[in-house]
Amino acid sequence: MRVLIVEDERFMAEAIRDGLRLEAIAADIAGDGDTALELLSVNAYDIAVLDRDIPGLSGDEIAKRVIASGSGMPILMLTAADRLDDKASGFGLGADDYLTKPFDLQELVLRLRALDRRRAHNRPPVREIAGLRLDPFRREVYRDGCYVALTRKQFAVLEVLVAAEGGVVSAEELLQRAWDENADPFTNAVRITVSALRKRLGEPWLIATVPGVGYRIDAGGEGG
């Protein structure tokens, strides 16, 4: 899951981002409305977390534009305003959920995952390919019926590869989908994570390297 945090209080935004990363949720930060619009135009996000009171375009205006785009991306309003009429106006704009400050990070994580499940209700909850069974909601992976314990990052990478259904996924796309925009584009984190993931899944290798292109799930089980 990748979320956009639109919050002008830098320390709060960074704390939220860092906390979400520990939960295997990639997050980018926009400190104002204009930056939020720019990031929304170039990146694919699963959920937007919007502070209503931000510099530039307001969180309300961002919400209106997201709704008008028809993307279906859920919106969670994050604000200090806790009056009932404030919440009513937020939901009236099209917000899917509302969380007032101060809040517990774990509650935000639970709400984000609930929104993600709701967003994805039309797609199969469990994906299967080449003997792999990946449950994105229980965050469980089985190979040939045997449970495979993965780290959060390994699971995030495998989820992207499995979703590609055998198609090639570039290292750049994996970096974008399983990490976030602050990841070093020259890092070898993808290669290291894929290598460790191969070992966790066991032989015969399921993840094939396509030289100069990227990685894919090898239904033949001869990934190299």
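Residues numbered from 1 in each chain as written. Predicted model: local features only at pLDDT ≥ 70, side-chain atom pairs only at ≥ 80, totals over all residues. Heavy atoms only, no water.

1. A word on the sheet that holds strand E6 (residues 127-129)
Strand order in the open sheet formed by four strands is E6-E7-E8-E9, and the pairing between neighbours is antiparallel. Looking at the sheet topology across the chains shown, the edges are occupied by E6 and strand E9 (146-147). Here three bridges tie E6 to strand E7 (residues 132-135), and the two strands are oriented antiparallel to one another. Bridging from a neighbouring strand, isoleucine 129 pairs with leucine 132 of E7. Its contacts with the sheet put helix H6 (residues 152-163) on E6, E7 and strand E8 (140-143), and the angle it makes with E7 is roughly 115°. (Pairing = 2+ DSSP bridges. Helix = DSSP H or I, 4+ residues; strand = E, 2+ residues; numbered from the N terminus. Contact = heavy atoms within 4.5 Å. Axes fitted to C-alpha atoms, helices over the stretch in contact; angles between N-to-C directions.)

2. As for the packing of helix H1 (residues 10-22) against helix H5 (residues 105-119)
One way to put it is that H1 packs onto H5 with a least axis distance of 10 Å and a crossing angle of 60°. As H1 packs across H5, the resulting crossing turns out to be right-handed. Where H1 abuts H5, its residues Ile16, Gly19 and Leu20 lie against Leu105, Leu108, Val109 and Leu112. Classifying every residue of the contact of H1 with H5 by side-chain character gives six nonpolar, one polar and no charged. (Left-handed = near helix turned anticlockwise from the far one by under 90°. Nonpolar A, V, L, I, M, F, W, Y, C, P; charged D, E, K, R; others polar.)

3. Here we look at the packing of aromatic side chains
By the definition in use, this model includes one aromatic pair. It is arginine 10 that lies over the ring of phenylalanine 11; its NZ or CZ is 4.5 Å from the centre. (Phe/Tyr/Trp six-rings, centres within 6.5 Å; stacked < 30°, edge-to-face > 60°. Lys NZ or Arg CZ within 6 Å of the ring centre and 35° of its normal.)

4. Overview of the sheet that holds strand E1 (residues 2-6)
A sheet is described by the order of its strands in space; here five strands give the open sequence E2-E1-E3-E4-E5, paired in parallel fashion. Of all the strands in the sheet, the pair left with one neighbour each is strand E2 (26-30) and strand E5 (97-100). Averaged over neighbouring strand pairs, the angle between their axes works out to 20° when direction is ignored. Relative to strand E4 (residues 75-79), strand E3 (residues 47-50) runs parallel, the two being bridged by three bridges.

5. Describing the UniProt feature "modified residue: 4-aspartylphosphate" (unreviewed entry) in the protein chain
Under the local residue numbering, the UniProt record ascribes the feature "modified residue: 4-aspartylphosphate" (unreviewed entry) to Asp51. Position of aspartate 51 relative to the elements: it lies in the loop between E3 and helix H3 (59-69). Apart from the residues within four sequence positions on either side, aspartate 51 is in contact with Val6, Glu7, Asp8, Gly59, Leu78, Thr79 and Lys101. (UniProt positions renumbered as here; feature names shortened; annotations may be inferred.)

6. A short note on unusual backbone geometry
Of note, the amide linkage connecting lysine 101 to proline 102 takes the cis form, showing an omega dihedral of -5°. Structurally, proline 102 is set in the loop between E5 and H5. In this structure, proline 204 follows glutamate 203 across a cis peptide bond, with omega equal to -5°. Turning to its location among the elements, proline 204 is positioned in the loop between helix H8 (189-201) and strand E10 (207-210). A positive phi angle is found at aspartate 144, which is not glycine, with a value near 50°. Assignment of secondary structure puts aspartate 144 in the loop between E8 and E9. Phi angles above zero are rare outside glycine, and glutamate 165 is one such case at about 55°. Summarising the element assignment, glutamate 165 is placed in the loop between H6 and helix H7 (171-178). Given the relative accessible area of 63%, glutamate 165 is considered exposed. (Buried < 20%, exposed > 50% of the residue type's maximum accessible area, 1.4 Å probe, protein only.)

7. Looking at the environment of leucine 150
Following the sequence through the fold, leucine 150 ends up in the loop between E9 and H6. A C-alpha to C-alpha distance of 7.1 Å links leucine 150 and arginine 200, two positions 50 residues apart in sequence. Setting aside its immediate chain neighbours within four residues, leucine 150 contacts Val141, Phe155, Leu158, Leu197 and Arg200.

8. Observations concerning the pairing of strand E11 (residues 214-217)
Sheet topology note: the E10/E11 ladder contains four bridges and is antiparallel. In the strand pairing of E11, alanine 208 is matched with arginine 216. A loop of three residues connects E10 with E11, the two strands running antiparallel in sequence, and glycine 212 in this loop sits at a positive phi of about 75°.

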